[in-house]
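# Structural overview for review
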Amino acid sequence: MELYVIKIGGNVIDNSENLHHFLKDFSALKGYKILVHGGGKIATDLSHSMGIEPKLVDGRRITDIETLRVVTMVYAGLINKNIVAQLQRYSCNAIGLTGADANLIKATKRPVKDIDYGFVGDLSDTSVDEEKLSTLLKSGIVPVFSAITHDGEGQLLNTNADTIASALAVALSSLYEVSLVYCFEKKGVLLDVDDDLSVLREINTAEFKKLKEDNVIAGGMLPKLHNAFQAIEKGVTEVYIGKSDELQLLGKESFGTRLFA
Ligand SMILES: Nc1ncnc2c1ncn2[C@@H]1O[C@H](COP(=O)(O)OP(=O)(O)O)[C@@H](O)[C@H]1O
Ligand SMILES: CC(=O)N[C@@H](CCC(=O)OP(=O)(O)O)C(=O)O
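Throughout this description, residue numbers start from 1 for each chain and increase along the sequence as written. Labels are handed out in written order, letters beginning with A for the chains and numbers beginning with 1 for the ligands. Restriction of local features to residues with pLDDT of at least 70 applies here, the model being predicted, together with a cutoff of 80 or more for giving and counting side-chain atom pairs; totals for whole chains, interfaces and linings are based on all residues.

### Comments concerning the site of ligand 1
We call a residue near a molecule or strand if the C-beta atom, set from the backbone, is within 6 Å of it. As a matter of local geometry, ligand 1 sits amid 19 residues, with Gly9, Phe184, Leu190, Gly220 and Met221 nearest to it. In this description a helix means any DSSP run of H or I spanning at least four residues, a strand means any run of E spanning at least two, and both kinds are numbered starting from the N terminus. For the shell around ligand 1, the elements supplying multiple residues, two or more each, are helix H1 (10-13) and helix H8 (221-233). Here the term charged refers only to Asp, Glu, Lys and Arg, the term nonpolar to Ala, Val, Leu, Ile, Met, Phe, Trp, Tyr, Cys and Pro, and the term polar to all other amino acids, Gly among them. Grouping the constituent residues of the shell around ligand 1 by class yields 8 nonpolar, 8 polar and 3 charged.

### Things to note about the UniProt feature "site: Transition state stabilizer" (unreviewed entry) in the protein
UniProt positions are given in the numbering used here, feature names are shortened, and annotations may be inferred rather than shown by experiment. Mapped onto this structure's residue numbering, the UniProt feature "site: Transition state stabilizer" (unreviewed entry) falls at Lys7 and Lys224. In summary, the annotated positions, though distributed over 218 residues, converge in three dimensions, the widest C-alpha pair being only 10.5 Å. Here Lys7 shows up in strand E1 (residues 2-8). Exposure classification rests on a simple neighbour count of other C-beta atoms within 10 Å of a residue's own: a residue reaching 20 or more is buried, one at 12 or fewer is exposed, and one in between is partly exposed. C-beta atoms are placed from the backbone. For Lys7, a count of 28 C-beta atoms within 10 Å corresponds to the buried category. Placing a C-beta atom from the backbone of each residue, one calls two residues in contact when those atoms lie within 7 Å. When sequence neighbours within four positions are dropped, the list of residues in contact with Lys7 reads Val36, Ala161, Asp162, Ala165, Tyr182 and Cys183. Of note, Lys224 is situated in helix H8. Residue Lys224 is classed as buried on the basis of its C-beta count, with 24 C-beta atoms lying within 10 Å. Sequence-distant contacts of Lys224, defined by excluding residues within four places in its chain, comprise Asp162, Tyr182 and Ile241.

### Considerations on the pairing of strand E13 (residues 238-243)
Pairing geometry for strand E11 (residues 177-184) and E13, over 6 bridges, is parallel. Bridged to Tyr182 within E13 is Ile241. The rule for pairing is simple: two strands pair if DSSP sees at least two bridges between them. Sheet topology places E13 next to strand E14 (residues 257-260); 3 bridges connect them, and they run antiparallel. Residue Val239 lies in a different strand from E14, and its bridge partner there is Leu259.

### Structural notes on the site of ligand 2
Around ligand 2, the surrounding shell holds 15 residues, and the nearest of these are Gly10, Gly38, Gly40, Ala147 and Ala161. Counting residues per element, the ones that place at least two in the shell around ligand 2 are helix H3 (40-49) and strand E4 (60-61). Its residues placed into classes, the shell around ligand 2 shows 5 nonpolar, 8 polar and 2 charged.

### Here we look at the nonpolar core
Buried together is how nonpolar side chains tend to be arranged in soluble globular proteins. Remark: nonpolar core denotes a set of buried Ala, Val, Leu, Ile, Met, Phe, Trp, Tyr and Cys residues whose joining runs through C-beta atoms within 7 Å. Counting 77 residues, the largest nonpolar core has Val5, Leu168, Ala169 and Leu180 as its most contacted members. Setting aside its immediate chain neighbours within four residues, Leu168 contacts Val5, Ile34, Val36 and Val128.

### Re the sheet that holds E11
Two strands in a sheet stick together by hydrogen bonds in their backbones, pointing the same way (parallel) or opposite ways (antiparallel). Overall, mixed pairing links the 8 strands, which are arranged E5-E8-E2-E1-E11-E13-E14-E12 in an open sheet. Looking at strand neighbours, the two that pair on one side only are strand E5 (94-97) and strand E12 (202-204), the edges of this open sheet. Across this sheet, the average inter-strand angle for adjacent strands is 20 degrees, counted without regard to direction. To get an axis, a line is fitted to the C-alpha atoms, and for a helix only the part in contact is used. The angle between two axes follows their N-to-C directions and goes from 0 to 180 degrees. Each of strand E2 (32-37), E5 and strand E8 (142-145) touches helix H4 (residues 65-89); the most contacted strand, E5, lies at about 175 degrees to it.

### So, helix H2 (residues 16-28)
A helix's residues, less one, multiplied by 1.5 Å, set its expected span. Here H2 spans 18 Å end to end across 13 residues, near enough to the 18 Å set by a 1.5 Å rise per residue. Three or more residues of H2 are buried, namely Leu19, Phe22, Leu23 and Phe26. Looking straight down H2, one finds its buried side chains confined to an arc of 100 degrees; they lie on one side. In H2, the exposed positions angled more than 90 degrees off the buried face are occupied by Glu17 and Ala28. Elements in contact with the buried residues of H2: E1, H1, E2, H4 and E11. What the arc describes is the spread of directions from the helix axis to the C-beta atoms.

### Examining the environment of Ala76
Within the secondary structure, Ala76 is located in helix H4. The exposure class of Ala76 is buried, given the 22 C-beta atoms found within 10 Å. Sequence separation between Ala76 and Gly38 is 38 residues, and the spatial gap between their C-alpha atoms is 10.0 Å. Not counting chain neighbours up to four residues away, the residues in contact with Ala76 comprise Thr98, Ser146 and Ile148.

Rendered as structure tokens:
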């Protein structure tokens with residue numbers, strides 16, 4: 001049985017027109033599906049307006065207790081519930097979740113090494129309860145995960161949404177043929193970040209390494225591809241990175257970049 005795990009990034013969520021276009025196409029996808037959303041840009045903007053200076057290291061947010069409050073409100077509240085309401089409008093019976101709900105994703109607070117990331121959760125191969133998630137899917141419900149997890153001891157944790165999508169895809173690979181799709185505002189992995197026509201239709205691990213060395217791939221694309229390649233190594237059937245308003249092209253050659261081992 002096939003399952004789509006689709007992640008939508010913060011730049012798309014921040015643009016209501018693009019978000020609606022994406023959610024309409026997501027609703028129209030047939031079969032089992034899970035949506036994972038970020039919202040980093042909105043959390044950053046709101047932090048600024050609350051006088052809390054956002055700090056990110058290699059795309060990961062340093063999450064002190066104040067920041068944890070902001071991201072919980074923004075990701076698990078505002079964004080998650082809006083997305084669920086929009087999906088209901090398109091007759092997609094979604095349920096909005098954090099990892100704490102039904103204990104679906106348990107994380108471990110990142111240990112302090114050179115940097116103290118604060119309340120940031122890391123995932124392991126046993127973090128996801130795939131059996132319980134599968135029960136939800138089989139009852140016709142579409143899970144929508146925000147970037148909030150928990151440690152099982154009462155502590156909420158902020159976890160990168162790309163990582164959550166990858167961990168869900170890997171865990172559910174034992175039960176489904178999983179396609180993991182990262183949707184964002186560009187056409188895929190680009191040779192020139194400002195030119196959508198420069199999209200690479202395929203990349204493998206060796207090419208990724210070379211593109212990294214040549215600084216063709218940078219910023220948020222680095223952890224995204226790292227998560228994506230990990231998913232392939234751990235048994236996910238197919239992984240794509242592509243543009244949020246082209247989801248209807250999924251399964252055709254013209255959608256985004258496909259990753260190979
Ligand atoms: N080679 C590349 N191809 C596409 N995007 C790239 C590339 N290198 C860097 N990027 C940047 O990575 C960003 C995506 O990462 P990020 O902002 O973390 O995504 P999201 O929040 O949607 O998960 C793009 O907006 C783009 O500016
Ligand atoms: C720990 C950590 O960095 N968490 C992320 C979670 C949100 C996210 O991943 O959002 P995008 O997909 O929009 O980047 C953050 O707070 O930015």
